[in-house]
Every structure is written in C-alpha cells, then in structure tokens.
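Here is what each chain is made of, one letter per residue.
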Amino acid sequence: QQQVKQSPQSLIVQKGGISIINCAYENTAFDYFPWYQQFPGKGPALLIAIRPDVSEKKEGRFTISFNKSAKQFSLHIMDSQPGDSATYFCAASKGGGGYQKVTFGTGTKLQVIP
Amino acid sequence: DAGVTQSPTHLIKTRGQQVTLRCSPKSGHDTVSWYQQALGQGPQFIFQYYEEEERQRGNFPDRFSGHQFPNYSSELNVNALLLGDSALYLCASSPPGVETQYFGPGTRLLVL
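Position numbers for residues start from 1 in each chain and track the written sequence from start to end. Lettering for chains starts from A, numbering for ligands starts from 1, and both go in the order in which the items are written. Where totals are concerned, whole chains, interfaces and linings use all residues; where local detail is concerned, this predicted model gives features only for residues with pLDDT of at least 70, and gives and counts side-chain atom pairs only at 80 or more. Water and hydrogen atoms play no part in the side-chain values, which are based on all heavy atoms of the structure.

Student: Looking at this structure, how should I read the pattern of salt bridges?
Tutor: When the charged atoms of two side chains lie near each other, side chains of opposite charge can form a pair. Here a salt bridge means any side-chain nitrogen of Lys or Arg lying within 4 Å of a carboxyl oxygen belonging to Asp or Glu. Counted under the stated rule, the structure contains six salt bridges over all chains. In this structure, Asp84 of chain A engages Arg61 of chain A in a salt bridge whose closest nitrogen and oxygen atoms are separated by 2.8 Å. Highlighted residues: Asp84 of chain A in the loop between strand S8 (72–77) and strand S9 (86–92) and Arg61 of chain A in the loop between strand S6 (56–59) and strand S7 (62–67), separated in sequence by 23 residues. On the accessibility criterion, Asp84 of chain A (5% relative accessible area) is buried. Residues Glu75 of chain B and Arg22 of chain B are paired through a salt bridge, measuring 3.4 Å at the closest nitrogen-oxygen approach. Highlighted residues: Glu75 of chain B in strand S8 (residues 74–78) and Arg22 of chain B in strand S3 (residues 19–24), separated in sequence by 53 residues. What counts as a helix is a DSSP run of H or I of at least four residues, what counts as a strand is a run of E of at least two, and both are numbered from the N terminus. Each residue gets one of three labels from its accessible area relative to the maximum for its type: buried under 20%, exposed over 50%, partly exposed in between, using a 1.4 Å probe on protein chains only.

Structure below.
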C-alpha cells in the first residue's frame, strides 16, 4: 500500500529556476514529514522536515509548504543549482520520540541544467 | 564525529545463501532502523531496533531478521536469498527521543 505519493518522477530545471516536488499522504496519523536528498551511491541525507502544525518552513533555498486539510506537502528549491541534481524523497512518519517507521515516497530525480 | 557506518559496501551472493550486514550508528544514537531500497525506488522499512529488541517491523518475511548489540550496533540477516532481494540495504540511526533518522551509505547486495 503506497501511503505517500510523490510527483513528478523526474524534473529538469534550468539553473536559477525553482524546482517543485509534490507529495500526498493518506494516513492522518502521520506527524512528521521529512525530505531527503540522495546522490548516486550514497544514503539519503535529511534536507528539511516539518510537522503538521506548521504551514511552511524555510531553510536557506529550501522551503516546505504543508496543507494539512488537503493532506499534501511540497518542497520548493529556489535558485536551483547544478549541485542540487539528485533524487529527492518525501517521507512521513508517526509516533514521536524515535519510535517510528518512516514511509518514503517513490522519489523525484532532479536535474538542474546550466 | 563519524556518521553511520555500514559494512560491507558491496556483496555478491547466490540464491539460497544467507547474508549478514552490519551497521554502526552515530555516536549517542540508540535506535537503529533498516531499510531496503530497490533500484529506482524509495527505501522500504524493514524493522527497527531499540534496547536490543525489535520494536517495529515492516512487511518483510521472517527470512529477514536482525539483532542489536549492547553498544547499539546492529546486524541484518537475510536467509534463503532470492533474486528479488538484490537491493541497497540502508541503516539509519536516531538519538534518544528524536524522530530524525540519519542514514548510512548502504550495502549494495546482488543476488545471482
């Protein structure tokens, strides 16, 4: 059962542009929504995370927008750079304090062209 | 401060064999989770260990088992390997009381 749906599957953006990746979840018990960045041959690295009581969180060029009523959240990468070219995964988990399993989306392969 | 480490980095096995993968969490982290990532897919949760016990388990058969040691390091064992077990196996650790999981580089398993 796919509990976190992610789109698009791939994305090509010009340098300096905005990259937008969308995710939707089904389980309203989820209470933590991280985004991970993964480069080829590497493990996922936490990029930014949000809780459902916040509608937006910004860290540098990365912003998460969260719509609790629609059960959707998205990642915006401003001023995209070639170094941002990687696969991005949205994820969701429930049960705080480290007692949780993380459910990942299917990933978005981002390519930023010069 | 060393991050999450995993060994070996790559492994080739044949069908029916058994494999053991190892993980050392970040310093101060007491919870270890294991994930399977097939090519082109997101990681799938296998199980989580805390205080040397399996705390949660995903939809994986009993062929997948694990262990956590008193120093918080962990092993993932897979018996009776199938071709479909070929994947990147990721270990993630988290500190006490924190949701954030930190991933290791993974072990690439190829089953022939």
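Student: How do you make sense of the interface of chain B and chain A when you look at a structure like this?
Tutor: Think of interface size as the accessible area that goes away when the parts come together; that is how it is often given. The contact criterion used is simple: two residues touch if any of their non-hydrogen atoms lie within 4.5 Å. Contact with chain B, which involves 22 residues of that partner, is made by 20 residues of chain A. Computed with a 1.4 Å rolling probe, the buried area is the accessible surface lost when two parts are put together, summed over both parts. Carbon and sulfur atoms make up 51% of the surface buried where chain B meets chain A, a total of about 1,800 Å² over both sides. One can count one salt bridge joining chain B with chain A. Under the scheme applied here, ten amino acids are nonpolar (Ala, Val, Leu, Ile, Met, Phe, Trp, Tyr, Cys and Pro), four are charged (Asp, Glu, Lys and Arg), and all others, including Gly, are polar. In terms of residue class, the side of chain B that touches chain A is built from eight nonpolar, 11 polar and three charged.

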